[in-house]
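So the chains spell out like this:
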Amino acid sequence: MPDIAQHAWLIPLLPILAAAGIALTYLFTNNRGEHGERFTARVALGAGSLSLLLVLLIDAMALLNGTAPGQIHLAQWLSSGAYSIHISFTLDILGLVMMTLVSVIALITLRFSVNYMHRESGFQRFFMILCLFTSAMLLIVIGGSPAMVFVGWELAGVSSYLLIGYALERPTATNNATRAFVTNRIGDAGFILGLFLALYWVGDLEWPTLLSAASDLSTLDSGLLALGFLIAALVKSAQVPFAPWIARALEGPTPSSAVFYGSLMVHAGVYLVIRLEPLLEQTPIIMALMVFIGLLTALYGYLVSLVQTDVNSTLMFSTMAQVGLMFLTCGLGLFELATIHLVIHAIWRAYQFLSSPSHMHLMSRPTRPVPNWLAQQRWLYTAALNRFWLDPLGDWLLTQSSKDLAQELQAFDDRVIVPLVGLPARANAVTSLADWESQKRGFSRLAEGDVGHGQGVAGKLMEGIASLLHWFEEHLVLKGGGEGLVNTIQRVGARLQKVEELLSQPRYLLLLIMATFAVII
Amino acid sequence: MQEQPAATQETDMRERLRHALAHFEHVLPGQAPIKDFVHHNTLHGFQHLEFTQALAEAERITGARGFLPLERFREFYKQGRIVREDLEQAMHDTTGFEPDAVIHAGIAGTLSRRDVLIAALLHPIKKLTGCQLNWQIEEMQVLTRFQSDVDSASRRRLMESAARQGLNNESEAIADLWSACLQALGLEFNMLHPEELMDLSPEQVEQILSQFGAGDEPAAGAHVVIRKQVAKALDQLLQRVGPELTLRGLLLRLTGKDLLEDIRPLIIRHLANHLDQGMAAWHAKDRPLGFYTSWRQSAALDLTGLFADLPEWLEEITILDEDPMETVISELQRLQLPEDRWEQYLERLALELPGWSGMFYWHHSHPGYKGFENIPVDMVDYLAVRLVLDRLFAQQLCRQQWQVAPSLDMLRWHFRRHRSEFMVRDYLNNQHLPEYLASQAQRLVNQTVALADNYQHWERLADMIWTWRHSPSADLPEGHSVYSHGWKLFRLSQHLGLSGEEIRCLSSTQVESLFNCLDQLTPDKAAFLWLQAYEHHYREQIFNAIVNNEGRGQWKQREQRPAAQIVWCMDDREEAIRRHLEAINPQIETFGAAAHYNVPHNWRGLDDQEITGLCPVVMVPSHEIKETPKPANEALAHEHGQRHKRRLWLKNLIHQETRRNLLASTAIMLLAAPASLAVLIAKALTPLGLSNLSNRLRERYEMQVPTDISLTAAPDAPEGTIEHNRLGFSLEEQTDRIETFLQNIGLVDGFSRLPIIMGHGSSSENNPHRAAYDCGACSGRHSGPNARILAAIGNRPEVREELRKRAIDIPGDCWFVGAFHNTCNEQIDWLDLDRIPATHRQELSDIRSNIDQACHLSAHERCRKFFSAPKHPDQNQALTHIQGRSWDFSQARPELGHATNACAVIGRRSITQGAFFDRRAFLISYDPTKDPSGAIIERLLLANGPVGAGISLEYYFSTVNNEEYGCGTKVLHNITGLFGVMEGASSDLRTGLPRQMIEIHEAMRLQVLVEAKIDLLTEIYMRQPPLQELVGKGWLLLSAKDPDSERIDVFYPDKGWVRWTGQVSLLPIVKHSVDWYAGHMDPLTPVLLQQPEVTSHA
């Protein structure tokens, strides 16, 4: 009997092929609008079903054999010196459970979307992204090494970005998508740090090797390694203080909210932590940190969910609270309990999010009010209503400064790059009536000493030479004395001062430090 | 003049502002909380105006357009939903168009205004900019080729005419036409070089400079002129604050930053929490003190200011006055807005978040709404909070940008000193600047204050923008130019098939009258002509069918006793099932009536804790009807009640407690785990199977309890009032109600043995707007109880005795039965079956099987409109599909509601029976032969007119502008506070109908056809202002069918009754409806159905 587990690579591949198929037929054939819906739905559901079938077969084999297939090695991906990265899958019990969960829920959501998304202009786009996401989640849960997981991790990030911004015409949706994406980059940095350290210290990235080698690492080393991955997990699972991005993610269609923030992606971080159990157990500090953050998030999610008035937000924050509990359980070392909690919670939230449009009719009475002692806490209420101000705080610290950075890069572009490259400046014609008039009256409104406009490097060069000569004439020859020279020196001094001012701002300092690191590495 | 004491002045101001609030009713959406959704005219507040005026006024105030885009109408024209005759008729019916006036009588036929108007309606004839014309000439070769949208007849005509002057090919003919057009207008055209489009040549510059009188004031240069004009623009802009802009709007125009982006999430949290009907577990402690106070208490602890660069936040909140009105006044004073614009300002402010403002205002004007007995909702609170937040955030923005306070005076002061900056900002944010200017402007605006020390950059850019404004590439508004008149004439001539020679023949007055036609077709006028044509097309089909059907329909008189009589709701959705039922058993007579069935009451079902009013929204019942267990079933009922409570408890535990708690949620989920995956899979794969199973389980667990209703009031019970309902109706009340009802539908004699009263409702999953699908006559609830009550009244011997005294003789062998039709899943529930006498059982069971078959056929007919339904289903497949939809939680279109409504027929069934009306007609039974005084028809028009108008107009507006009058796609909806839907988690509340409900709707006004004498109708019209409003102002279209002949008259508000002289053409006759609709998804024209041979016809 052939070993079916060897074909595990098909599990994540099938949905991604479906995504590609939908995208290609959308681009090149007439898979558009209402008439393309059947084809699109069939391709997506077909791939999802086949993938699930394969998952169930592997599950059945494992049950029959009484043992999970374990690590499946497929091919070498890249190698460099002593380091090599493989394409491999981890089909241990955790992997089997998670892939079953993911493929079942993904398939149900796809099925749900066929009716739900009917006649939406983004039907094909939606199915393509959902397939992409399914594939990403499957890669995360059965990827054989953090490198494989990272591929899924990024793909999931991208597809969530695309789905939050599903309603392209709504600025709120696209803004929030960008915010979520930017926040997730922090997690990616953590993941990359983890990957880098693992490669550096252990050399082999395959989960079993990596995790067993963890016991040989010093506490500090394993702590640092674990921290990298933990940051990634905390961001993906929207734990405090990274929580706000997920509340902003509620802009997509209902089924996407169900899989992303209710049921699957929000648990990806927990899965990663469970996967890292042997490593984490080495590092009590990280475990303690998980307890702390998990507890904080659970309380945060719980309190905030109590004041939410819209069904999506209330579900979202209670989901967050439960995920916080999972981190808490992991931190206490109860990884198996966390796994059970994860699976049950994922199924339950999938159901709850998918039925959120009918939530109003499922309620036969108002939600039970909070106990009186809590209801009296004015400050706590205000804090909960404002989500403990995490959003403006994060805004203040992170988003705003990256925006400013971008703006200044633009200024740099305009002032340095564009003149250097010599993009067409506008010349030869009258651009301003007032200028024309002034010129006719015999004086220029432009700065004195302007001799004309050149274009491109060569033009600028000529212009520069001309100006220089002009300047020389004007300041040194005509005016005589030293005023001109003094002015020049003053101007240079002012420029330098500006650079210094800029450097005193934290983001430039950060940029500088990063640049230094880059040079050292 | 004596100064008024300050105190009185202030009281006056308070009065004035209070008074201004009342006007909000006209401009804010009036939608109730979504559970109490009832269709109403979206522009209810403008209903006192003429239809077109109302649309224009609403567009002026809210910016929302009330017509379909012209392109959509042109599509309908292509599809044949509108034809040329319809347009001509519409023009003929509208004064001022004078379609018959001849513009030019030439060699080859005459050119009338009609030709020009129709060409302009069918094709967009708009002016171009210089760039666009260049592109058209170079890329589309428009000067040598016909425009692609010119039809072949016009092409042929033009070529023939050109041939007469010796131009034999297309390019010559078109080129000649172009030069003829320019000649006729005295214009010259030179192709502009691309650079010339962007900038000015020295010659142009000289010309422009001389234009604005630099010569008069030698010292003043162009720059000075610019400064003067900018000052004027600044004053104009500041004048608009109040009537058109708020502070936020002003700053948006100046900086491009929308303060509402920051404010909206903040204020929505508080608003939603204050208005919440039970979604949240935790509400503000100070909620009973009103929104303003509650917000103020909370905001005083809010740290938002800390992070939003608003260090003064806490201090500012603490010193706010306790009285919201005081705050409103002081905020407006701080803004330094002249007092005469305060009312306008507040209205404008409310319109910035119309959904939320509307919901708040709804509560404001409906105090004591269920659950809000102790929670005051006052619009002043809301406005005060908005004003404070606006000012705080504006403070931050203005400080950051200009270091001034956010008041009109300060801004005026600043920009008077920085006029160039004002001009650049104004153009950047409100006009389409070309990219080279926009990017420079953006850069200046983005500069932080420290870097912007160089003011001459602003000046220079302002000059450049000014210059660009005078270059040919800018869209110049004025002038007789090539791009405007020349181009329009050129395009028009092609569509009219006029050659160059013919254009040259036109005198200048004739050319002017061509343009006159074009100018007359403003977008509003054109759209209204199209709408009238669209309506006309449909009307002709309906009238044609009715004339064709004359004398064919059954039950004009009841010569033979019907086997049964079934009263359905007047609902358009019941048209199909009635038609099928009559085909299955021609012995059955059907009626239509508003399904409150004239028994308005508060219903308390067996399991209900609270009463529900089952009557139209405008009524408040003074009677309660209670469902009670039958005698000897008390123990069973008790057990049932316990189990019912337990089931609800479990349901709550599962659905609500899992999102409310922390640890308890985990525990519940763990316990529910074994079932949840199975349920989820079953729900996704076989929704119908799962619901059948769960319904069976529920019924078995809860046990059925046979019940009675407390129909008859105790003899000594005091008169019922709104506050203290009387339990049951008195004998006299019962008699009155049934008498009126029977008179309304014209059933006062010829009773069958089985009159059946059929209530209706709809049940579906995934449908926040579910109430919109239920019985509108019962305020969006199920009207089953009404049917049950009326049937019970009809069966009481005492009532029949009284009725006999009033000349309605219900025979002794007649038994009324109540039933309930679910329009979503076509299920029929029969009520009080156990009381039916043995003598009627067999007959009823025959009728039930007829109705069952009709349900199958109705389901079959409905399948044709659903994309996901099987294409050629048999009857069982169709019913299974329809039932599956109603239980499918992924189905965003469980049924299509009133989406196909288009007309209403008030009259005997014989007018419409025997023809296919495609589920598009409200059918209201009325017998003109039994109403000589017109009292009944007056009643019916007054009661049903607003209902029909409400439904049809809500569909109309949600369809023509789903983004602004409707609520967009359901896919993004997020139920908020149990009272509305948002898109995502922080948007405005969306009102109106979702796209899924209206996508197949044909947006036109309701055609109401009444079977009555026109003199009678005129009398009623003259004495009834509500009808003068609805019909006279054009919100409904009224026609009358003569009861004795096939004559039809159409009512025109300006002309009165005009006899219909439309074309009558023979209609095909099909055997069954299915023969006509099978395989079609689109709306179908009426057709005649083969009438069965009724043996009894003497």
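None of the values given here were measured: they were computed from a predicted structure. (Residues numbered from 1 in each chain as written. Chains lettered and ligands numbered in written order. Predicted model: local features only at pLDDT ≥ 70, side-chain atom pairs only at ≥ 80, totals over all residues. Heavy atoms only, no water.)

(A) Looking closely at the overall build of chain A. What chain A contains, in helices and strands, is 23 helices and 2 strands. Sorting the 521 residues of chain A into buried and exposed places 53% on the buried side. (Helix = DSSP H or I, 4+ residues; strand = E, 2+ residues; numbered from the N terminus. Buried < 20%, exposed > 50% of the residue type's maximum accessible area, 1.4 Å probe, protein only.)

(B) Here's a closer look at a nonpolar patch on the surface. Among the surface-exposed residues, Trp9, Leu13, Leu17 and Leu74 of chain A lie close enough to one another that they form a single nonpolar patch of about 320 Å² accessible area. Tracing the chain through its elements places Trp9 of chain A in the segment before helix H1 (10-28). (Patch = residues over 30% accessible without salt bridge, like charges linked within 9 Å, V, L, I, M, F, W, Y side chains within 5 Å. Areas by Shrake-Rupley, 256 points an atom, 1.4 Å probe, with all protein chains shown as cover. Salt bridge = Lys/Arg side-chain N within 4 Å of Asp/Glu carboxyl O.)

(C) View of the packing of aromatic side chains. Applying the stated rule across the entire model yields 44 aromatic pairs over all chains. Centroid distance Phe150 of chain A to Phe191 of chain A: 5.0 Å. Interplanar angle 45°. Geometry classified as tilted. One end of the pair, Phe150 of chain A, is in helix H5 (residues 146-164); the other, Phe191 of chain A, is in helix H6 (residues 171-201), with 41 residues separating them in the sequence. Each member of the aromatic cluster is reached from another via a ring pair, and the members are Phe51, Phe67, Phe528, Tyr956, Phe957, Tyr965 and Trp1035 of chain B. Sitting over the ring of Phe867 of chain B, Lys871 of chain B keeps its end group 5.8 Å from the ring centre. Taking NZ or CZ as reference, Lys1055 of chain B lies 4.7 Å from the ring centre of Tyr1052 of chain B, over its face. (Phe/Tyr/Trp six-rings, centres within 6.5 Å; stacked < 30°, edge-to-face > 60°. Lys NZ or Arg CZ within 6 Å of the ring centre and 35° of its normal.)

(D) Inspection of the interface of chain B and chain A at higher detail. Between chain B and chain A, the contact holds 115 residues from the first and 103 residues from the second. Taken over both partners, the interface formed by chain B and chain A buries close to 10,000 Å², and the fraction arising from carbon and sulfur atoms is 58%. By the criterion of area lost to chain A, the three top residues of chain B are Trp282, Phe307 and Phe867 of chain B, representing 10% of everything that side buries. Here chain B is connected to chain A by 6 salt bridges. Between Arg170 of chain A and Glu983 of chain B there is a salt bridge, and its shortest N-O distance comes to 3.3 Å. When residues in the side of chain B that touches chain A are grouped by element, the largest group, 14 residues, is from helix H32 (residues 663-685) of chain B. Of the residues belonging to the side of chain B that touches chain A, the class tally is 53 nonpolar, 35 polar and 27 charged. (Contact = heavy atoms within 4.5 Å. Buried area = accessible area lost by both parts, 1.4 Å probe. Nonpolar A, V, L, I, M, F, W, Y, C, P; charged D, E, K, R; others polar.)

(E) Summary view of the environment of Arg419 of chain B. Residue and element names in this part refer to chain B. Among the secondary structure elements, Arg419 is positioned in helix H23 (residues 419-430). Measuring from C-alpha to C-alpha, the distance between Arg419 and Gly613 comes to 62 Å, with 194 residues separating the pair along the chain. The residues touching Arg419, leaving out its near neighbours within four places in the chain, are Arg227, Lys228, Val230, Ala231 and Tyr455.

(F) Layout of helix H19 (residues 342-350) of chain B. Among the 9 residues that make up H19 of chain B, 7 are buried, leaving the element largely enclosed by the rest of the structure. Among the residues of H19 of chain B, those classed as buried are Trp342, Tyr345, Leu346, Glu347, Arg348, Leu349 and Ala350 of chain B.

(G) Geometry of the side chain of His495 of chain B. Relative to the assigned elements, His495 of chain B resides in helix H26 (residues 482-496). Beyond its immediate stretch of four places on either side in the chain, His495 of chain B contacts Ala119, His123, Asp149, Val150 and Ser154 of chain B.

(H) How the structure looks around the sheet that holds strand E19 (residues 1007-1011) of chain B. All names here are of chain B. One open sheet holds the 6 strands; their spatial order is E15-E13-E19-E20-E21-E22, and the pairing between them is mixed. Looking at the sheet topology across the chains shown, the edges are occupied by strand E15 (921-925) and strand E22 (1056-1059). Going from strand to strand, the sheet's axes swing by 20° on average, the running direction of each strand aside. Judged from the 5 bridges that link them, strand E13 (residues 903-907) and E15 form a sheet pairing that is parallel. Paired with Val905 across the strands is Leu923, a residue of E15. (Pairing = 2+ DSSP bridges. Axes fitted to C-alpha atoms, helices over the stretch in contact; angles between N-to-C directions.)

(I) Structural view of the confidence of the model for chain A. Residue and element names in this part refer to chain A. Scored by pLDDT, chain A comes out at a mean of 84, with 78% of its residues at no less than 70. Below pLDDT 50 for its whole length, residues 424-429 participates in 7 contacts with residues either more than four positions away or in separate chains. Low pLDDT, under 50, characterises residues 477-482; the stretch is placed with 4 contacts to residues that sit more than four places away or in other chains. (pLDDT = per-residue confidence, 0-100.)

(J) Inspection of the sheet that holds strand E16 (residues 973-976) of chain B at higher detail. Residues and elements named next belong to chain B. Pairing within the open sheet is antiparallel, and its 3 strands lie in the order E16-E17-E18. Each end of this open sheet is capped by a strand with a single partner; those strands are E16 and strand E18 (989-990). Across 4 bridges, E16 lies against strand E17 (residues 980-983) in antiparallel orientation. Note on E17: the bridge partner recorded for Thr976 is Gly980.

(K) Representation of the environment of Leu254 of chain B in the model. All names here are of chain B. On the secondary structure map, Leu254 appears in helix H13 (residues 247-255). Given the relative accessible area of 2%, Leu254 is considered buried. Taking the C-alpha atoms as reference points, Leu254 and Asp390, separated by 136 residues in sequence, lie 15 Å from one another. Every residue in contact with Leu254, bar those within four places of it in the chain, is listed here: Leu237, Trp402, Phe415, Phe422, Arg425 and Asn429.

(L) Examining the pairing of strand E3 (residues 564-569) of chain B more closely. Residue and element names in this part refer to chain B. With 6 of its 6 residues buried, E3 lies for the most part within the structure. Where E3 meets strand E4 (residues 588-593), 6 bridges bridge the pair, whose relative direction is parallel. Within E4, the position partnered with Cys569 by the bridge is Ala593. Bridge analysis of E3 against strand E10 (residues 755-761) gives 3 bridges, and the strand direction is parallel. By the bridge assignment, Val567 is partnered in E10 with Ile757.

(M) Structural detail: the pairing of E17 of chain B. Residue and element names in this part refer to chain B. Every second residue of E17 is oriented toward a common face, with Gly980 and Met982 on one face and Val981 and Glu983 on the other, all of them buried. Between the end of E16 and the start of E17, which pair antiparallel, lie 3 residues, with Gly977 showing a positive phi angle near 55°. As defined by bridge partners, E17 adjoins E18 across 2 bridges and the pair is classed as antiparallel. Pairing of Met982 across the sheet is with Leu989, part of E18. The hairpin formed by E17 and E18 contains 5 residues between the paired strands, and Gly984 there has a positive phi angle of roughly 70°.

(N) Spatial organisation of the packing of helix H10 (residues 254-263) of chain A against helix H15 (residues 335-354) of chain A. Residues and elements named next belong to chain A. Contact geometry of H10 with H15 gives a least axis separation of 9 Å together with a crossing angle of 155°. If you check the angle between H10 and H15, you find them roughly antiparallel. As for the relative orientation of H10 and H15, their crossing is right-handed in sense. Across from Thr254, Pro255, Ser257, Ala258, Gly262 and Ser263 in H10, the residues of H15 making contact are Ala346, Arg349, Ala350, Phe353 and Leu354. Residue composition of the contact of H10 with H15, grouped by class: 6 nonpolar, 4 polar and 1 charged. (Parallel < 35°, antiparallel > 145°, perpendicular 65-115°, else oblique. Left-handed = near helix turned anticlockwise from the far one by under 90°.)

(O) Up close: the side chain of Asn766 of chain B. One can find Asn766 of chain B in the loop between E10 and helix H35 (784-795). Assessed through its relative accessible area of 2%, Asn766 of chain B is described here as buried. Here the side chain of Asn766 of chain B touches Phe889 of chain B through a polar contact of 2.9 Å, landing on its backbone oxygen. Contact partners of Asn766 of chain B, with chain neighbours within four places excluded, come to Phe112, Tyr116, Pro357 and Ser358 of chain A together with Asp888, Phe889, Ser890, Gln891, Ala892 and Lys970 of chain B. (Polar contact = N/O pair within 3.5 Å; in protein donor to acceptor, adjacent residues only side chain to side chain.)

(P) Local environment of unusual backbone geometry. The omega torsion across Val240 of chain A and Pro241 of chain A is 5°, close enough to zero to call that bond cis. Within the secondary structure layout, Pro241 of chain A lies in the loop between helix H8 (219-236) and helix H9 (244-248). Positioned with a positive phi, Asp309 of chain B is a non-glycine residue whose angle comes to about 65°. With respect to the helices, strands and loops of the structure, Asp309 of chain B is situated in the loop between helix H16 (304-307) and helix H17 (313-318). When its relative accessible area of 47% is taken as the criterion, Asp309 of chain B is described as partly exposed. At Gln403 of chain B, a residue that is not glycine, the phi angle is positive and equals roughly 55°. With respect to the element layout, Gln403 of chain B can be found in the loop between helix H21 (379-402) and helix H22 (408-417).

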